[in-house]
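Reading the structure
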Amino acid sequence: MRIILFSWHFLGVYSALYWGLATGAFPSSVQIGGLFIRNTDQEYTAFRLAIFLHNTSPNATEAPFNLVPHVDNIETANSFAVTNAFCSQYSRGVFAIFGLYDKRSVNTLTSFCGALHISLVTPSFPTEGEGQFTLQLRPSIRGALLSLLDHYDWNRFVFLYDTDRGYAILQAIMERAGQNAWQVSAICVESFNDAAYRRLLEDLDRRQERKYVIDLEPERLQNILEQAVSVGKHVKGYHYIIANLGFKDISLERFMHGGANVTGFQLVDFSKPIVIKLMQRWNKLDQREYPGSESPPKYTSSLTYDGVLVMAEAFRTLRRQKIDISRRGNAGDCLANPAAPWNQGIDMERALKQVRIQGLTGNIQFDHYGRRVNYTMDVFELKSNGPRKIGYWNDIDKLVLVQDGNGLSNDSSGMENRTVVVTTIMPLMMRKPLLRH
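The structure presented is a predicted model; accordingly, all values stated were derived computationally and were not measured. (Residues numbered from 1 in each chain as written. Predicted model: local features only at pLDDT ≥ 70, side-chain atom pairs only at ≥ 80, totals over all residues. Heavy atoms only, no water.)

1. Observations regarding the overall build of the protein
Applicable threshold: Counting from the N terminus, the helices are the DSSP runs of H or I reaching at least four residues and the strands are the DSSP runs of E reaching at least two. Each residue's exposure class comes from its accessible area (1.4 Å probe, protein chains only) as a fraction of the maximum for that residue type: buried when under 20%, exposed when over 50%, partly exposed otherwise. Shrake-Rupley sampling with a 1.4 Å probe provides the accessible areas, and residues are treated as covered by the protein chains on show and by no other component.
Helix and strand counts for the protein come out as twelve helices and 16 strands. Evaluated residue by residue, the protein yields a buried proportion of 54% over its 437 residues. Roughly 20000 Å² of accessible area belongs to the protein as shown, and the carbon and sulfur atoms make up 51% of that amount.

What follows is the structure, encoded as C-alpha cells:
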C-alpha cells in the first residue's frame with residue numbers, strides 16, 4: 001500500500017511540475033529537502049507542522065503552491081552519510097534544503113551547497129567565515145554577550161566551553177580579553193563527566209572564582225548546572241552567564257531559590273500573538289505521532305518552524321517575479337566532476353536573502369552573507385515570582401536598561417537572586433529606548 005501511495009504522489013508531483021514547465025508557470029508543487037540529525041525529533045515535528053499549516057492555509061495568496069518535502073534522517077552525521085543524503089535530495093530536484101548539522105557534518109554539507117548552488121536554510125550554529133548559499137536562522141549572541149560583560153564590568157571570570165558549535169564565542173571572548181586586559185580561564189569540558197564537573201567546580205572555588213560564562217550544548221549545559229547545585233555553587237555570590245539562546249529550555253528553579261545570579265538568552269517570546277497562535281495548534285498535536293510536542297518548542301524548533309516560513313516567502317517572491325526555477329537537465333549526479341551547479345540557484349539564494357517576515361523568533365531578515373540582522377533581544381529578570389522585563393539589546397542601541405523603582409547597577413554582586421533572560425523578539429523600529437547605557 002505504501003508503494004502505491006508513493007507512486008500516485010509521485011505522479012501527481014511530476015504532472016504538476018511538467019505542466020508548470022511546459023506552460024512557463026510557477027509549479028503548483030514545490031520540492032524542498034529536509035536533513036535531520038540525531039536528537040532532533042522535536043525540530044522535525046516543527047518542520048512537519050509548518051508545512052502542514054502552509055499547505056492547508058485557506059488563503060490562496062499566502063499558499064498558491066504546496067510544499068513537498070523530501071526528508072532524510074541521518075543517524076550518524078559523518079561525511080559519508082551526509083553525502084548520501086544530500087545526493088539523494090539533489091537527484092529528486094529539490095529547490096532548497098532545510099537542514100541541521102553538527103561540527104562533523106557542517107563542512108561537507110555547506111561545500112555541496114556552495115558547489116551546486118543549492119541553498120541551505122539552517123537553525124544550526126552559525127558557520128565561521130563567509131560561505132555562500134547558507135542562510136543562518138540562528139542569530140549571533142556575540143554582541144549581546146559582550147555588552148553584558150561590559151555592563152557587569154567583569155575583568156576576571158571562567159569561560160567553560162565545548163567545540164560542538166565551533167570557536168566563535170571563544171574567539172570573541174579572547175579578543176576582548178586581550179583588548180581589556182581581562183583575566184579569563186578558558187576550559188574545554190566536552191569530555192567531562194559529572195564527577196569531573198564537580199572536581200572542576202570545587203577546584204575553581206578554591207581559586208576564588210565566582211563568575212562564569214558557559215558556552216555548552218543544552219544536554220551538557222544542564223549537566224554542569226546540576227553539578228553546580230550538588231556542590232553548592234548556586235548560592236549568593238556566584239554569577240553565571242549562559243551563552244545559549246534557549247534559556248527557558250533549561251531547568252533553573254533551584255538556582256532561582258539558591259540566590260545565584262544567572263544571565264541567559266531567550267530567543268522566543270511566548271507572549272507574542274504569533275507564538276500564542278502557534279502554541280494553540282502545537283498543544284493539540286498527538287504526542288505519539290509528533291514526538292516532542294508534549295513540551296513547548298525549544299528555540300531550535302522555533303527556528304525550524306521559521307525556516308519553513310522563510311522558504312515559503314522566497315518561493316512566493318519568485319512566483320510574483322515569474323522566475324523559472326526549474327531543475328531541467330541538472331537534477332542528476334551531485335558528484336560530477338566538474339560540478340554542474342543549478343542555473344537558477346543564484347535566483348533562489350537571492351530570494352531567500354531578501355525575505356523579511358515576522359516569525360516565532362521575531363523579525364527575520366538577512367544580510368548579504370545570509371546572517372540574521374535587525375533583531376532585538378529583550379532583557380528579563382527572573383525573580384522567585386517570575387520574569388520581569390528590564391530592558392533590551394540590539395545592534396544600534398546595544399544594551400538598554402529600563403529604570404525601575406529599585407534602580408539598576410552594573411555590580412553583579414549587588415543583584416541578589418536575580419536571573420536575566422535575553423529574548424529576541426521584534427524589529428528595531430518597534431522599540432523606544434528608555435534608558436541608554
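So that's the structure; there's more coming.
2. A short note on the pattern of salt bridges
Applied cut-off: We define a salt bridge as a side-chain nitrogen of Lys or Arg found within 4 Å of a carboxyl oxygen belonging to Asp or Glu.
Scanning all chains against the criterion turns up 22 salt bridges. A salt bridge links Asp 205 to Arg 210, with the shortest nitrogen-to-oxygen separation between them at 2.9 Å. Arg 210 sits in the partly exposed class, given a relative accessible area of 26%. Put simply, Glu 313 and Arg 316 hold a salt bridge, and the shortest N to O gap is 3.1 Å. Of the two residues, Glu 313 and Arg 316 both sit in helix α11 (residues 299-320), three residues apart, roughly one turn of that helix. Arg 316 carries the same exposure label as Glu 313, and that label is buried. Through salt bridges with shared partners, a single network forms among Lys 103, Asp 162, Asp 164, Glu 190 and Arg 220.

3. Observations regarding the state of the cysteines
For the record, the criterion: Disulfides are defined in this document as cysteine sulfur pairs within 2.5 Å.
The full count for this structure, using the stated rule, is one disulfide. Each sulfur of the disulfide joining Cys 87 and Cys 334 lies 1.7 Å from the other. Handedness here is read from the sign of the S-S torsion; for Cys 87 and Cys 334, about 45°, the answer is right-handed. Note that Cys 87 is positioned in helix α3 (residues 79-91) and Cys 334 in the loop between α11 and α12 (345-353), a separation of 247 residues in sequence.

4. Focus on unusual backbone geometry
For residues besides glycine, phi is generally negative; the peptide bonds are generally trans as well. Residue Pro 338 follows Asn 337 across a cis peptide bond; omega there is 5°. By the element assignment, Pro 338 lies in the loop between α11 and α12. Despite not being glycine, Ala 181 shows a phi value in the positive range, around 60°. Locating Ala 181 in the fold gives a position in the loop between α6 (168-180) and β7 (183-188).

5. Here's the deal with the pairing of strand β8 (residues 211-215)
On any regular strand, side chains alternate: one points to one face of the sheet, the next to the other face. The condition that has to hold: The rule for pairing is simple: two strands pair if DSSP sees at least two bridges between them. The crossover handedness rule: strands pointing away from the viewer, path from first strand over the helix to second strand clockwise, crossover right-handed.
A large share of β8 lies buried, amounting to four of its five residues. Bridge count between β8 and strand β9 (residues 239-242): four bridges; the pairing is parallel. Counterpart to Ile 214 in the pairing with β9 is Ile 242. Where the polypeptide runs from β8 across helix α8 (residues 218-230) and back to β9, its parallel neighbour, the crossover connection is right-handed.

6. Points about the pairing of strand β2 (residues 66-73)
When strand β1 (residues 29-36) meets β2, the two strands line up parallel, connected through eight bridges. When the sheet's bridge partners are listed, Val 30 is paired in β2 with Leu 67. Between the parallel elements β1 and β2, the chain passes through helix α2 (residues 41-55) in a crossover that is right-handed.

7. Observations concerning the packing of helix α7 (residues 194-206) against α8
Operational definition: Between N-to-C directions, angles span 0 to 180 degrees; the directions come from axes that are lines fitted to C-alpha atoms, helices contributing only their stretch in contact. Each angle receives one of four descriptions, namely roughly parallel if under 35 degrees, roughly antiparallel if over 145, roughly perpendicular if within 65 to 115, and oblique otherwise. Throughout, a crossing is termed right-handed when the near helix is turned clockwise from the far one, and left-handed when it is turned anticlockwise from it by less than a right angle. The contact rule is simple, with two residues in contact once any of their heavy atoms fall within 4.5 Å. When residues are sorted by character, Ala, Val, Leu, Ile, Met, Phe, Trp, Tyr, Cys and Pro go into the nonpolar class, Asp, Glu, Lys and Arg into the charged class, and all the rest, Gly among them, into the polar class.
For the pair α7 and α8, the least separation of the axes is 9 Å and the interaxial angle reads 55°. With respect to their mutual orientation, α7 and α8 come out oblique. Between α7 and α8 lies a crossing of right-handed hand. Between α7 and α8, the residues in contact are Asp 194, Tyr 197, Arg 198 and Leu 201 and Arg 220, Asn 223, Ile 224, Gln 227, Ala 228 and Ser 230, respectively. Of the residues in the contact of α7 with α8, the class split is four nonpolar, three polar and three charged.

8. Some points on the packing of aromatic side chains
So the rule is basically this: Each Phe, Tyr or Trp ring (for Trp, its six-membered ring) is paired with any other whose centre lies within 6.5 Å, and the angle between the two planes then decides the class: stacked below 30 degrees, edge-to-face above 60, tilted in between. We call a charge positioned above a ring when the Lys NZ or Arg CZ atom is no farther than 6 Å from the ring centre and deviates by at most 35 degrees from the ring normal.
Under the counting rule described, the total for this entry stands at 19 aromatic pairs. Members of the aromatic cluster, connected to one another through ring pairs, are Phe 26, Phe 65, Phe 95, Phe 315 and Trp 342. The aromatic ring of Tyr 44 is capped on one face by Arg 48, whose charged end is 5.6 Å from the ring centroid.

9. Concerning the packing of α3 against helix α4 (residues 106-116)
At a minimum axis separation of 9 Å, α3 and α4 run at an interaxial angle of 35°. For α3 against α4, the interelement crossing comes out right-handed. Contacts from Ser 79, Val 82, Thr 83, Phe 86 and Tyr 90 in α3 reach Thr 108, Leu 109, Phe 112, Cys 113 and Leu 116 in α4. When its residues are assigned to classes, the contact of α3 with α4 shows seven nonpolar, three polar and no charged.

10. Brief notes about the sheet that holds β1
Pairing is parallel across the open sheet formed by five strands, whose spatial order is β2-β1-β3-β4-β5. Looking at strand neighbours, the two that pair on one side only are β2 and β5 (134-136), the edges of this open sheet. Between one strand axis and the next, the sheet turns through 25° on average, direction left out of account. One ladder, built from four bridges, connects β1 with strand β3 (residues 96-99); its direction is parallel. Bridge pairing in β3 links Ile 32 to Ala 96. On top of the sheet, α11 reaches β1, β2, β3 and β4 (119-122); it is set at about 170° to β3, its chief contact. In this fold α12 packs onto β4 and β5, with an angle of close to 30° to the strand it touches most, β4.

11. Quick word on the confidence of the model for the protein
Low pLDDT means the predicted atomic positions in that stretch should not be read closely. Which entries qualify depends on this criterion: Confidence of the predictor at the level of single residues is captured by pLDDT, which takes values from 0 to 100.
Summing up the model confidence of the protein, the mean pLDDT is 84 and the portion of residues at 70 or higher is 83%. Predicted confidence is poor over residues 1-23, with pLDDT under 50, and the contacts of this stretch with residues over four places away or in other chains come to 13 contacts. Low pLDDT (under 50) marks residues 413-420, which in the prediction has 39 contacts with non-local residues, meaning those over four places away or in another chain.

12. Things to note about the nonpolar core
Spelled out, the test is: Put simply, a nonpolar core is a bunch of buried Ala, Val, Leu, Ile, Met, Phe, Trp, Tyr and Cys residues held in one set by side-chain atoms that sit within 4.5 Å of each other.
Ranked by size, the top nonpolar core spans 95 residues in total, and within it Leu 67, Phe 86, Leu 145, Leu 149, Ile 173 and Phe 315 carry the most contacts. For this core, the element with the most residues is α11, which contributes ten residues. Not counting chain neighbours up to four residues away, the residues in contact with Phe 315 comprise Phe 26, Val 30, Ile 32, Phe 65, Leu 67, Phe 95, Ile 325 and Met 348. The next biggest cluster of nonpolar side chains, apart from the first, holds 26 residues, and it includes Leu 216, Ala 228, Val 231 and Phe 247.

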